[in-house]
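# Close look at the chain arrangement
Below, each chain spelled out in residue letters.
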Amino acid sequence: MPQRSSQPRRAPSRPSRPHRVVALVDENTNPFEVGCAIEVFGLPRPEIGHRLYDFALCAPSPRTVMRDGVFTLAGVAGLDAADDADTVIVPQRPDVEVPRRPALLDAVRRAHARGARLLSFCTGAFTLAEAGVLDGRRAATHWQWADAFRARFPAVRLETDVLFVDDGDILTAAGSAAALDLGLHVVRRDHGAEIANTVSRRLVFAAHRDGGQRQFVERPVPRVPDASLAPLLAWAQQRLDAPLSVADLAARAAVSPATLHRRFRAQLGTTPLAWLTAERTALACRLIERGETRLDVVAHRSGLGTAAHLRALMRRETGLTPSAYRRRFGPESAEDRTVSRETRRFP
């Protein structure tokens, strides 16, 4: 664990503002994706004790007709609000063949040029591509529009049948519900697994679905009442430190491993082994956030076995080594926490 300096940390001469998130809204924007952005980034978090982000909506016009004219949005900021945002979100656009307004595309380009993080939800990837910021980059969009996207933007490395793509400073979500998956992924990246789990509990939404999971998950009517995986998942989550295998899960569910694999694919869009690994890695992150510094203990209690395996999986899942993750999300002293709330800005 890195040594703390013996010199007291001095508070900055003037507090910096919190990480600012701005969502762009234009004609025919889908209210659902706008609601996702507000729900994840715009609400106060009394259960955490402080706001996670400074959030605002902005639009090219004083009045914006939302999708299918269900309502008209007024009273939001102009596009210049995006010029000082740390993260800019482009929600869904149902009319992908209609070009965006030049002013909106310019706002996206300016944000990208100065190093802001860009997010798109669903077909919002068309807007990012139209602005020219996705050329040569990895991206996701709704499966229904994948062929149209490839035809219009061949320079973009479109990844089909995934929930979202994290390409560093540009992150793109697939379908509408995947906006919540990507939003929670960003919260986890900015604030750690513990706070992301707290936000997901308030949303009553899955704490973590890996971005590589399939977009389209078949949900056939079960032939028997106990076909749902929920009881099995709850049972396994209480035993992550045990040497659980796919065969153990299948035995618990009283099905063959092949049948279990099909059920995981149909209900969760992933495999039993991938689900176990993701759950164990998330548990390891929470243990580190709560102050456990011994990697062998973290690896054992999370069921990952060895410190070497823990290091490899954390780097793959979070992009950070355990020590870097601890420095970023581990427990702080009360004084440090107060200062960090005043100064924290996220990449």
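Refer to the structure presented above.
Residues numbered from 1 in each chain as written. Predicted model: local features only at pLDDT ≥ 70, side-chain atom pairs only at ≥ 80, totals over all residues. Heavy atoms only, no water.

Time to look at the pairing of strand β6 (residues 117-120). In the case of a regular strand, side chains alternate between the two sheet surfaces. Alternating residues of β6 divide into Arg117 and Leu119 and Leu118 and Ser120, and every residue in both groups is buried. Strand direction decides the pairing type here: strand β5 (residues 87-90) and β6, joined by 4 bridges, are parallel. Residue pairing across strands places Ile89 opposite Leu119, the latter belonging to β6. The parallel pair β5 and β6 is bridged by helix α2 (residues 102-113), and the resulting crossover is right-handed. As defined by bridge partners, β6 adjoins strand β10 (residues 170-173) across 3 bridges and the pair is classed as parallel. Note on β10: the bridge partner recorded for Leu119 is Leu171. (Buried < 20%, exposed > 50% of the residue type's maximum accessible area, 1.4 Å probe, protein only. Helix = DSSP H or I, 4+ residues; strand = E, 2+ residues; numbered from the N terminus. Pairing = 2+ DSSP bridges. Right-handed = clockwise from strand over helix to strand, strands pointing away.)

With that settled, the discussion passes to the packing of helix α6 (residues 193-203) against helix α10 (residues 272-289). Axis separation between α6 and α10 bottoms out at 8 Å; the angle between their running directions is 115°. As summarised for this structure, α6 and α10 are arranged roughly perpendicular, according to the angle between their axes. Residues Ala193, Glu194, Ile195 and Asn197 of α6 touch α10, and the partners they reach there are Ala282, Cys285, Arg286 and Glu289. Taken together, the residues that form the contact of α6 with α10 break down as 4 nonpolar, 1 polar and 3 charged. (Axes fitted to C-alpha atoms, helices over the stretch in contact; angles between N-to-C directions. Parallel < 35°, antiparallel > 145°, perpendicular 65-115°, else oblique. Contact = heavy atoms within 4.5 Å. Nonpolar A, V, L, I, M, F, W, Y, C, P; charged D, E, K, R; others polar.)

For the rest of this paragraph, the subject is the sheet that holds strand β2 (residues 54-58). Through backbone hydrogen bonds, the strands of a sheet pair up, either in parallel or in antiparallel fashion. Here 6 strands make up an open sheet; going across it, the order is β2-β1-β5-β6-β10-β9 and the pairing mixed. Unpaired on one side and paired on the other, β2 and β9 (164-166) mark the two borders of the sheet. Here the strands of the sheet are splayed against their neighbours by 15° on average, with no regard to which way each runs. Relative to β10, β9 runs antiparallel, the two sharing 3 bridges. Counterpart to Asp166 in the pairing with β10 is Leu171. Helix α1 (residues 31-42) rests against β1 (20-24), β2, β5 and β6 of the sheet, and its axis sits at about 160° to β2. With respect to the sheet, helix α5 (residues 178-191) is in contact with β6, β9 and β10, its orientation differing from that of β10 by roughly 150°.

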